[in-house]
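Now for the letters of each chain:
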Amino acid sequence: MFSEVVDELVGLSATELVARIEENELERRRVDAEMAAALAVAKARSVHAVDGHRTMAAFCRATLNWSNTETSRRLGLARAVDDIAGLGDAWINGYIGVPQAQKLAMANSNRRVADQLADFAPTLLKHAEQMPYPDFVAVVDHFVARADEDGEHDDRDAAVEGRRARAVDVGGTLDLRASGGDGLVTAEIVAILERFTHAEYQKDIEARRAAHGELAGGFQLARTDRQRQFDALIAIFRAAATAGDVGTPADPLVNIVIDAATWGRMLLAAGLSTATDLDGRPIDPFTGLTNPAADGLLDDLTNADMRRCETTTGIALHPHDVMRAALAGHVRRAVVDSGRVVIDLGRRQRLFTGSARHAAKLLITRCEHAGCDLPADWCDIDHNDEWADDGGRTDQRNGRVLCRSNNNDKHEHRWRIKRGLNGSSYTVRADGTIILPVGARPPDFADELGGESCIDDFDDDSPEHIALLTSVTRNRVAELARRPAA
């Protein structure tokens, strides 16, 4: 039976094989959603008691032969489709998959969050369908942090208080483990390891080129990714042991991005700002301008693509750690509009360099091609509209972050990157079709609504388009240049 299926799949064309994979995924989503509903109904009717099982978990282990982990996951999904209006419909219709449903189920399992989750479910489900999964995870984590600020603070304090590390000899091999710390420490350590790992990767590339010349691309690298990471870790320790001054790195290691609304709330909570003027009228705690009272959490989710409190590599930070970094050093202001554009340089230069290059990467954590997860720091900045052929501008509105491979594919196939009204980037093929996850409906673009681009035109100095960025080193925050005059 299975061999017959394999033989059939081998005989399919590439297009037919992709279609079969997509069909299977949509069917899997339908079946998984139905299973979640069936378990919810079975629990409500106490079906588990028929054969003497005390709980639904025991029923699942006995009847379905599931592991404890799978049982817990499946029953959590059953509770979620029962609690969250619209989740079952989105799932069974194929708009979202198991990962998105599971992330919402995890949020629903937090009793301090579940009561608020129902009110914001429509917005979260829209993001689940339209956003790449890592971005959706960040949105849900942000929602949970806002809805359960006390719990988030407790978790962060527990991680800092419980930090630990050890390096021991186990039968002649190294056993190195570390855990805990806050988000800033995490981002810094990850950045250091990635920098040294990339250096090891370059060594392998150069060694392969020296050994095989122009045919190098046909040969494997000498080390695997895991081996390079291990060797990078050893190199870090050796560099630290031989460094004359280990306290001050030459360059900033971590960039922090926080939007104006989150920054304003942080200043207000720290007692460094006020929410009302002398007449008692509501004002923006960041700008001091009149700001009618609104539902802050709803606004956060509606404008999720502009709500940031994280490193530029996507590591979420607690506002207290951002405040500590800001007080320890310097802050630069970057003007960010609703299209997540940071800076404009016009057509005065050909290549993305200097401040233009940094600006184009400021709010992007990875390659913008669908499915690619290479970090933005390893990617190129290229013109979406070609500079030579189409008169494309060298500014962030026309800049896209793509890895070397996808950048080459973009030029070869004449693809374009468009940013939708939801803030996400999409690759558009030369025939106008969009590369989308299976089941996802096409997003809205501003040019389809009568606009000229996927962003609105705003005054650069308007307060709602201001974001703050701090560059953090081990013991200082580097002062960075402000946006140059147009």
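Below or above, wherever it landed, is the structure these notes cover.

Rules of the game
- Residues numbered from 1 in each chain as written.
- Predicted model: local features only at pLDDT ≥ 70, side-chain atom pairs only at ≥ 80, totals over all residues.
- Heavy atoms only, no water.
- Helix = DSSP H or I, 4+ residues; strand = E, 2+ residues; numbered from the N terminus.
- Contact = heavy atoms within 4.5 Å.
- Patch = residues over 30% accessible without salt bridge, like charges linked within 9 Å, V, L, I, M, F, W, Y side chains within 5 Å.
- Areas by Shrake-Rupley, 256 points an atom, 1.4 Å probe, with all protein chains shown as cover.
- Salt bridge = Lys/Arg side-chain N within 4 Å of Asp/Glu carboxyl O.
- Phe/Tyr/Trp six-rings, centres within 6.5 Å; stacked < 30°, edge-to-face > 60°.
- Buried < 20%, exposed > 50% of the residue type's maximum accessible area, 1.4 Å probe, protein only.
- Core = buried A, V, L, I, M, F, W, Y, C linked by side-chain atoms within 4.5 Å.
- Axes fitted to C-alpha atoms, helices over the stretch in contact; angles between N-to-C directions.
- Parallel < 35°, antiparallel > 145°, perpendicular 65-115°, else oblique.
- Nonpolar A, V, L, I, M, F, W, Y, C, P; charged D, E, K, R; others polar.
- Arc of directions from axis to C-beta.

Another aspect to go through is the side chain of H53. Inspection of the secondary structure assignment puts H53 in the loop between helix 2 (14–44) and helix 3 (56–63). Filtering out sequence-adjacent residues up to four positions away, H53 remains in contact with H48, A58, F59, A62 and T63.

We now examine a nonpolar patch on the surface. Together, L174, L176, F230 and F237 make up a nonpolar patch on the protein surface, roughly 380 Å² of accessible area in all. If you list the elements that add at least two residues to the nonpolar patch, you get strand 2 (173–179) and helix 11 (225–242). Counting through the fold element by element, F237 comes out in helix 11.

All chains considered together, the criterion is met by one aromatic pair. With a centroid separation of 5.7 Å and 65° between ring planes, the pair formed by F120 and F143 is classed as edge-to-face. With F120 in helix 7 (residues 111–130) and F143 in helix 8 (residues 133–147), this pair connects stretches of sequence that are 23 residues apart. F143 carries the same exposure label as F120, and that label is buried.

All right, on to the nonpolar core then. Formed by 28 residues in total, the largest nonpolar core has its most connected members in I84, L87, W91, I96, L104, L124 and F143. The set of elements that each furnish at least two residues to this core consists of helix 2, helix 4 (68–83), helix 5 (87–92), helix 6 (98–108), helix 7 and helix 8. Among the elements that take part in this core, helix 7 stands out by supplying seven residues, more than any other. Setting aside its immediate chain neighbours within four residues, I96 contacts R29, L87, A90, W91, A101, L125, A128 and E129. Ranked by size, the runner-up nonpolar core spans 11 residues in total, among them I256, L267, C309 and A325.

At their nearest, the axes of helix 6 and helix 8 sit 11 Å apart, and the two run at 10° to each other. Taken together, the axes of helix 6 and helix 8 are roughly parallel relative to one another. For the pair helix 6 and helix 8, the contacting residues are P99, Q100, K103, L104 and A107 in the first and Y133, F136, V137, V140, D141 and V144 in the second. In terms of residue class, the contact of helix 6 with helix 8 is built from eight nonpolar, one polar and two charged.

Right, let's get into the pattern of salt bridges. Counted according to the given criterion, the structure contains 19 salt bridges. E70 is paired through a salt bridge with R73; the nearest N and O atoms lie 2.9 Å apart. Linking E70 with R73, this pair stays in helix 4, spanning three residues, or about one helical turn. The shortest N-O distance in the salt bridge between D231 and R223 comes to 2.8 Å. With relative accessibility at 18%, the residue R223 sits in the buried group. Among the ionic contacts, a cluster of salt bridges with common partners joins E25, R28, R29, D32, E70, R73 and R74.

Our next topic: the environment of V322. Topologically, V322 is positioned in helix 14 (residues 319–328). On the accessibility criterion, V322 (1% relative accessible area) is buried. Placed 138 residues apart in sequence, V322 and L184 show a C-alpha to C-alpha distance of 8.2 Å. Leave out the neighbours within four places in its chain, and V322 touches I256, I258, W263, M266, C309 and L317.

The subject of this paragraph is unusual backbone geometry. The backbone phi angle of S46 is positive, close to 55°, even though this residue is not glycine. Position of S46 among the secondary structure elements: in the loop between helix 2 and helix 3. On the accessibility criterion, S46 (38% relative accessible area) is partly exposed. With phi around 60°, N65 is a residue other than glycine that occupies positive phi space. Relative to the assigned elements, N65 resides in the loop between helix 3 and helix 4. Taking the relative accessible area as the measure of exposure, N65 reaches 68% and is therefore exposed.

For the pair helix 2 and helix 4, interaxial distance at closest approach is 8 Å and the crossing angle is 85°. Considering the angle they form, helix 2 stands roughly perpendicular to helix 4. Between helix 2 and helix 4, the residues in contact are D32, M35, A36, A37, L39, A40 and K43 and R74, L75, L77, A78, R79, V81 and D82, respectively. Its residues assigned to classes, the contact of helix 2 with helix 4 shows nine nonpolar, no polar and five charged.

Right, let's get into the environment of W415. Mapped onto the secondary structure, W415 falls in the loop between helix 17 (404–413) and strand 8 (416–419). The buried category is assigned to W415, whose relative accessible area is 18%. Sequence separation between W415 and R429 is 14 residues, and the spatial gap between their C-alpha atoms is 4.8 Å. Beyond its immediate sequence surroundings of up to four residues, W415 is in contact with H369, D409, K410, T427, V428, R429 and A430.

Here the focus is helix 17. Taken together, the buried positions of helix 17 are occupied by N406, N407 and K410. Projected down its long axis, helix 17 carries its buried residues within an arc of 105°, all on one side. Facing away from the buried side of helix 17, by more than 90 degrees, are the exposed residues R404 and E412. Within two residues after helix 17, R414 carries a phi angle of roughly 60°, on the positive side.

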